[in-house]
Amino acid sequence: MSELPYFRAALARPGIAGLRRLPAAEWPTLAAAAEALGLACVTVDLSDCDNATAALRELGKALTFPDWYGANFDALSDCLGDFADEPARGAVLLLHGDTRLRTGDADGAATLLEVFAAVAEARQNSLAPLWIFVPAGDLPDFP
């Protein structure tokens, strides 16, 4: 599954965009495919975050959300949509290092994944789909 043409073909199908699981070893090839398609691609490290508030702040910083971003779940939802629209082609978000978050704030981690899934699902089949990848978890594998 590590071939660039495979990822390019999959990322070109906005109907399968969403919150997905993909081994981190595949991320460099996925990022190259996203870049080739003109998609924004950002990796976010949440390893220093032990609660949802810290994770929301880190996401805002890494994705350069606007000053009005309030580091809450509603603002995350709004800003993720804008992030995907930014290049007008869609976006790929690679999230890793959520072990401390899942351990320290399991409910917050679950809500974060729910927001990611909802925004990504709402953008399926749009001109600017949003793909969100995590390395593990109870999520669908990348096709």
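Predicted model, so just to flag it, every value in this text is computed and none were measured. (Residues numbered from 1 in each chain as written. Predicted model: local features only at pLDDT ≥ 70, side-chain atom pairs only at ≥ 80, totals over all residues. Heavy atoms only, no water.)

### Regarding the pairing of strand β3 (residues 91-96)
Short version of the rule: Exposure is judged per residue with a 1.4 Å probe applied to protein chains only, and the accessible area is read against the type maximum: over 50% gives exposed, under 20% gives buried, and values in between give partly exposed. Counting from the N terminus, the helices are the DSSP runs of H or I reaching at least four residues and the strands are the DSSP runs of E reaching at least two. The pairing criterion for strands is at least two bridges between them, as found by DSSP.
Of all six residues that make up β3, five are buried, and the element is covered over most of its length. With four bridges connecting them, β3 and strand β4 (residues 130-134) associate as parallel partners. Of the residues in β4, the one forming a bridge with valine 92 is tryptophan 131.

### What to know about the sheet that holds β3
Here is the rule: Only C-alpha atoms enter the line fits that serve as axes; for helices the fit covers just the stretch in contact. Angles between N-to-C directions range over 0 to 180 degrees. By definition, residues are in contact when any of their heavy atoms lie within 4.5 Å.
Strand order in the open sheet formed by four strands is β1-β4-β3-β2, and the pairing between neighbours is parallel. Here the strands that pair on one side only, and so sit at the sheet edges, are β1 (19-21) and β2 (40-45). Averaged over all pairs of adjacent strands, the angle between strand axes in this sheet comes to 20°, irrespective of strand direction. Most of the contacts of helix α3 (residues 52-62) go to β2, to which it runs at about 145°, and overall it touches β2 and β3. In the packing of helix α4 (residues 73-85) onto the sheet, contacts are made with β2, β3 and β4, and the angle to β3 comes to roughly 125°.

### Topic: the environment of arginine 8
Note that arginine 8 resides in helix α1 (residues 4-11). Classification of arginine 8 by relative accessible area gives partly exposed; the value is 36%. Separated by 118 residues in sequence, arginine 8 and serine 126 have C-alpha atoms that sit 17 Å apart.

### Here we look at the packing of α3 against helix α6 (residues 106-122)
Let me state the cut-off plainly: For this classification, the nonpolar set comprises Ala, Val, Leu, Ile, Met, Phe, Trp, Tyr, Cys and Pro, the charged set comprises Asp, Glu, Lys and Arg, and every other residue, Gly included, is treated as polar.
As a packed pair, α3 and α6 sit with axes 9 Å apart at the nearest point and diverge in direction by 40°. Contacts between α3 and α6 pair Ala52, Ala55, Leu56 and Leu59 from the former with Gly108, Leu112 and Phe116 from the latter. Its residues placed into classes, the contact of α3 with α6 shows six nonpolar, one polar and no charged.

### Quick word on a negative patch on the surface
Rule in force here: Patch rule: a residue counts if its relative accessible area is over 30% and it has no salt bridge; like charges are joined within 9 Å, and nonpolar side chains (Val, Leu, Ile, Met, Phe, Trp, Tyr) within 5 Å. What sets the accessible areas is the Shrake-Rupley method with a 1.4 Å probe; for residues, cover comes only from the shown protein chains. Any carboxyl oxygen of Asp or Glu that lies within 4 Å of a side-chain nitrogen of Lys or Arg is treated as forming a salt bridge with it. A residue counts as positive if it is Lys or Arg and as negative if it is Asp or Glu; His and the chain ends are not included. To locate a charge, take atom NZ for lysine, CZ for arginine, CG for aspartate or CD for glutamate.
A cluster of like negative charges, contributed by Asp74, Asp78, Asp82 and Glu86, occupies part of the molecular surface. The residue glutamate 86 is located in the loop between α4 and β3 in this model. Classification of glutamate 86 as exposed rests on a relative accessible area of 66%.

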